[in-house]
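Each chain, letter by letter, is given below.
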Amino acid sequence: MEQMKTSQQSSPTTKKKMKIAGSEAVILSLLEEGVDTIFGYPGGAIMPIYDSLYHYLDKITHILTRHEQGAAHAAQAYSQVSDKVGVCFATSGPGATNLITGIANAYMDSIPMVCITGQVPAHLLGTDAFQESDVLGISMPVTKWNFQVTSAEEIPWAIARAFYIAKTGRPGPVLLDITKNAQFEEFDFEYKKCEKIRSYHPYPNIEIKDIDDAAELINKAKKPYMLVGHGVLISGAEKEVMALSEKAGIPMASTLLGISAVPSDHPNYMGFLGMHGNYAPNVLTNECDVLIAIGMRFDDRVTGDTKRYARQAKVIHIEIDASEIDKIIKTEVAINADAKQALELLIPRVKKTEHKEWIDEFRKLDEIEYEKVIKHDTYPDGDKNKMGEVVRLISEMTDGEAVMVTDVGQHQMIVPRYYKFKNPNRLITSGGLGTMGFGMPAAMGAQVGAPDKQVISIAGDGGTQMTIQELGTISQYKIPLKMVVLNNSFLGMVRQWQELFFDSRYSFTEMTNPDFVKIAEGYGIANSRVVKRSELKDALKTMLDHEGPYFLEVVVEKEENVFPMVPSGESVANIRLE
């Protein structure tokens, strides 16, 4: 106790050496990196670290999630809204393996996280000891770096390196697996932040010739077109993207994860790309002459059939990860660089021009989409609730300022279609992995990371039940999250595919759901259910005006489909409106 008292009195940012246990070194190292929030779940193999954390609760907030997957999703969303590295803890064995889905999700979407797991003592490694698992082997494919700490002396070095790797270059999650003996061992603690790693070069040197070549293509283009990816948000290049678009008169569209990089009402913004994206941005991909892709990786949900994707266009690809360049779509000019740095060099070289007739082509197709799809989704007839109207009303009632967090499914496509975003990093969703169950714990983390913002979770009845236990966390910590469940009693997106491509054979997609509002009530969370469309607006207002957490179930049309839609394996030009 005396040793703990002495080390506690020392400043966590001191460079003076002091003899402490490895478990305390973990906490002090995290404080050195500016960590103020941890999401986690304790257990035997990480108990010493939790014991040390107990003495630092005046400096670090710990959120006890109800499942380790929830901790990982919460840490990811926390990172996205706070611009910090998310941190989560779990114990060995099942605790560590339960983190994997959340880690894989963050890896696919390039989100910086540091995940710390406890492990059996070093002398028991490889013996199939109680709750031992090879977490390094399991996590290797879905982490940017992982490392097993087997002695206390390695802890500060490993944590410093973990944070540096997680947040530099193309960000991503890292995992440190710390054996129990390393947590108990004492050593002379000293912390040095990592500022460089030999052979790791997170920021490539920009080739000016590539910038000049890109500018020449843009200046000669008759129908230039800009694709805005998640890398724009990661690099903070939102203003530069808009400056390039405005100077050169270039229409813009975003990937799912690039949404909110450009305000929805920007005159050059044409909507979002992909399987359920907007009509014009998809169709006109195959008519542009220069395609400028910024911070995106040409995911299959964006390209459709790559053999029929933008074959007529000369492609400029600005991307920090060299492995993504020419991986899927061949480029005319490849700029391996941070998006912001590349655009800062490119903008002065681009001539001021307008492409009014080209932009008008987008607007004409917008009108077709509005008449065939949008007005029916957002201003429906009858008394049944439709997903599009729910999102439109939320957008209007929050003035486009909320942080919208989605689960995965039909609603995930409806939110970016009909919420009018005004500010960056306001859409949090599972992109690359498409993880059902992501929404509620992620929204929880987003609200903790942005306590001054309105955070709204939109989920389906299927995904909600995958992580519904996190209502316990939301209740315990009084997280003022607003949760909307769009209940159609189906796994909606799968059912839509079954209707369109499997002759309406609804094989195991219809759900018998619980009484959601009773479950919310059981956790002490204010709640209501809306069945009639005439009650929807008042119910949304009640939810938004409520000071604490609120759970709103909206019963929506059972067999509603999301259009437009690019059928799997089709050309983006063959997008369906019905």
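Residues numbered from 1 in each chain as written. Predicted model: local features only at pLDDT ≥ 70, side-chain atom pairs only at ≥ 80, totals over all residues. Heavy atoms only, no water.

K.L.:
Sorry, what's going on with unusual backbone geometry here?
P.N.:
For residues other than glycine, phi is negative in most cases, and the peptide bonds are mostly trans. That bond from Phe563 to Pro564 is cis: its omega, 0 degrees, falls within 30 degrees of zero. At Phe508, a position not held by glycine, the phi torsion is positive, near 60 degrees. Relative to the elements of secondary structure, Phe508 occurs in the loop between helix H21 (492-501) and helix H22 (516-522). (Helix = DSSP H or I, 4+ residues; strand = E, 2+ residues; numbered from the N terminus.)

K.L.:
Just checking my understanding: could you explain a nonpolar patch on the surface for this structure?
P.N.:
Taken together, the side chains of Tyr107, Met108 and Leu433 define a hydrophobic patch exposed on the protein surface, amounting to about 230 Å² of accessible area. Within the secondary structure layout, Tyr107 lies in helix H5 (residues 94-108). (Patch = residues over 30% accessible without salt bridge, like charges linked within 9 Å, V, L, I, M, F, W, Y side chains within 5 Å. Areas by Shrake-Rupley, 256 points an atom, 1.4 Å probe, with all protein chains shown as cover. Salt bridge = Lys/Arg side-chain N within 4 Å of Asp/Glu carboxyl O.)

K.L.:
Explain empty space enclosed by the protein here, please?
P.N.:
Under the definition given, this model contains two cavities of 30 Å³ or more. In this structure, the largest cavity encloses a volume near 50 Å³. Lining the largest cavity, in full, are Gln80, His230, Leu233, Leu257, Asn425, Leu427, Ile428 and Thr429. Partitioning the lining of the largest cavity into residue classes produces four nonpolar, four polar and no charged. Here the second largest cavity is characterised by a volume of approximately 30 Å³. The wall of the second largest cavity is formed by Met440, Ser457, Ala459, Thr464, Met483, Val484, Val485 and Phe551. Every element with two or more residues in the lining of the second largest cavity is listed here: strand S17 (455-460) and strand S18 (482-487). Considering each element in turn, the lining of the second largest cavity owes the most residues, three residues, to S18. (1 Å grid on protein atoms, 1.4 Å probe; cavity = no way out; pocket = protein on both sides within 12 Å on 5 of 7 lines; lining within 4 Å. Points joined across faces, edges and corners; volume = space filled by probe spheres on them. Nonpolar A, V, L, I, M, F, W, Y, C, P; charged D, E, K, R; others polar.)

K.L.:
Got a minute to help me understand the pattern of salt bridges in this structure?
P.N.:
Note on pairing: side chains with opposite charge can pair once their charged atoms come close. All chains considered together, the criterion is met by 31 salt bridges. The shortest N-O distance in the salt bridge between Lys375 and Glu371 comes to 2.8 Å. Taken as a pair, Lys375 and Glu371 lie in helix H15 (residues 356-378) at a separation of four residues, close to a single helical turn. Residues joined in a network through salt bridges with shared partners are Arg170, Asp321, Glu324 and Lys327.

K.L.:
Before we go on, may I ask you to explain the layout of surface pockets in this structure?
P.N.:
It is the rolling of a water-molecule-sized probe over the atoms that shows where space remains empty. Reported here for the second largest pocket is a volume of approximately 600 Å³. At the level of elements, strand S11 (269-272), H15, helix H16 (387-397) and helix H17 (410-418) are the ones that each hand at least two residues to the lining of the second largest pocket. In terms of residue count, the dominant contributor to the lining of the second largest pocket is H15 (seven residues). Of the residues that make up the lining of the second largest pocket, three or more belong to each of domain 2 (208-362) and domain 3 (385-555). (Domains from an automatic or database assignment.)

K.L.:
Sorry, what's going on with the packing of aromatic side chains here?
P.N.:
Given two aromatic rings, one states the distance between the centres and the angle between the planes to describe the pair. Across all of its chains, the model carries 15 aromatic pairs by this definition. Note on Phe39 and Tyr78: the rings are 5.8 Å apart at their centroids and 70 degrees apart in plane angle, and the pair reads as edge-to-face. Highlighted residues: Phe39 in strand S2 (residues 37-40) and Tyr78 in helix H4 (residues 68-82), separated in sequence by 39 residues. Here Phe39 falls in the buried class, since its relative accessible area comes to 0%. Tyr78 sits in the buried class, given a relative accessible area of 4%. An aromatic cluster of three or more residues is present, and its members are Trp145, Phe147 and Trp157. Across from the ring centre of Trp145, 5.4 Å away, lies the NZ or CZ of Arg161, which sits over that ring. (Phe/Tyr/Trp six-rings, centres within 6.5 Å; stacked < 30°, edge-to-face > 60°. Buried < 20%, exposed > 50% of the residue type's maximum accessible area, 1.4 Å probe, protein only. Lys NZ or Arg CZ within 6 Å of the ring centre and 35° of its normal.)

K.L.:
Looking at this structure, how should I read the nonpolar core?
P.N.:
Across soluble globular proteins, nonpolar side chains have a tendency to be buried as a group. Core analysis: the biggest nonpolar cluster contains 100 residues, and Leu291, Leu346 and Met404 have the highest contact counts within it. For Leu291, the residues in contact, after removing those within four places along its chain, are Tyr225, Leu227, Phe298, Tyr309, Ala310, Ala313, Lys314, Val315 and Ile316. Counting residues in hydrophobic clusters, the runner-up holds 46 residues, among them Phe39, Ile63, Ala442 and Val455. (Core = buried A, V, L, I, M, F, W, Y, C linked by side-chain atoms within 4.5 Å. Contact = heavy atoms within 4.5 Å.)

K.L.:
Could you clarify how one ought to interpret the sheet that holds strand S13 (residues 314-319) in this entry?
P.N.:
Pairing between the strands of a sheet comes from backbone hydrogen bonds, and it takes one of two forms, parallel or antiparallel. With respect to topology, six strands assemble into an open sheet ordered S11-S10-S9-S12-S13-S14, the strand pairing being parallel. The outermost strands of the open sheet, each flanked by one partner alone, are S11 and strand S14 (333-336). Each neighbouring strand pair of the sheet contributes to a mean axis angle of 15 degrees, computed without reference to strand direction. Relative to strand S10 (residues 252-254), strand S9 (residues 224-228) runs parallel, the two sharing three bridges. Bridged to Val228 within S10 is Ser254. Here H15 sits on the sheet and contacts S9 and S11; the angle it forms with S11, its principal contact strand, is near 45 degrees. (Pairing = 2+ DSSP bridges. Axes fitted to C-alpha atoms, helices over the stretch in contact; angles between N-to-C directions.)

K.L.:
Explain the packing of helix H2 (residues 22-32) against helix H7 (residues 154-167) to me, please; I cannot follow it from the model alone.
P.N.:
The packing of two helices is summarised by the inter-axis angle and the distance between the axes. Two elements in contact, H2 and H7, have axes separated by 9 Å at closest approach and are oriented at 30 degrees. What the angle tells us is that H2 and H7 run roughly parallel. Where H2 crosses over H7, the two elements pack in a sense that is right-handed. The residues of H7 that touch H2, namely those facing Gly22, Ala25, Val26, Ser29 and Leu30, are Ile155, Pro156, Ile159 and Phe163. Per-class residue counts for the contact of H2 with H7 are seven nonpolar, two polar and no charged. (Parallel < 35°, antiparallel > 145°, perpendicular 65-115°, else oblique. Left-handed = near helix turned anticlockwise from the far one by under 90°.)

K.L.:
Before we go on, may I ask you to explain the environment of Ser52 in this structure?
P.N.:
Relative to the assigned elements, Ser52 resides in helix H3 (residues 47-53). Taking C-alpha positions, Ser52 is 6.1 Å from Ser23, a pair spaced 29 residues apart along the chain. There is a polar contact of 2.8 Å between the side chain of Ser52 and the side chain of Ser23. (Polar contact = N/O pair within 3.5 Å; in protein donor to acceptor, adjacent residues only side chain to side chain.)

K.L.:
Is there a simple way to think about the packing of H4 against helix H18 (residues 439-449) in this case?
P.N.:
Here H4 crosses H18 at 40 degrees, and the two axes come no closer than 7 Å. It follows that H4 is oblique to H18 by the angle criterion. In this structure, the crossing between H4 and H18 has a hand that is right-handed. Together, Gly70, His73, Ala74, Ala77, Tyr78, Val81 and Ser82 of H4 and Pro441, Ala442, Met444, Gly445, Ala446, Val448 and Gly449 of H18 make up the contact between the two elements. Tallied by class, the residues present in the contact of H4 with H18 amount to nine nonpolar, five polar and no charged.

K.L.:
What is the right way to read helix H14 (residues 339-346) from this model?
P.N.:
Since the α-helix packs 3.6 residues into each turn, any two residues three or four apart lie on the same face. Three or more residues of H14 are buried, namely Ala339, Ala342, Leu343 and Leu346. The buried side chains of H14 occupy one side of the element, clustering within an arc of 95 degrees when seen end-on. On the buried face of H14, the contacting elements are helix H9 (208-220), helix H10 (230-235), helix H11 (238-248), strand S12 (290-294), S13 and S14. One side-chain oxygen of the residue at the start of H14 lies 3.1 Å from the amide nitrogen of Lys340, identifying that residue as Asp338. (Arc of directions from axis to C-beta.)

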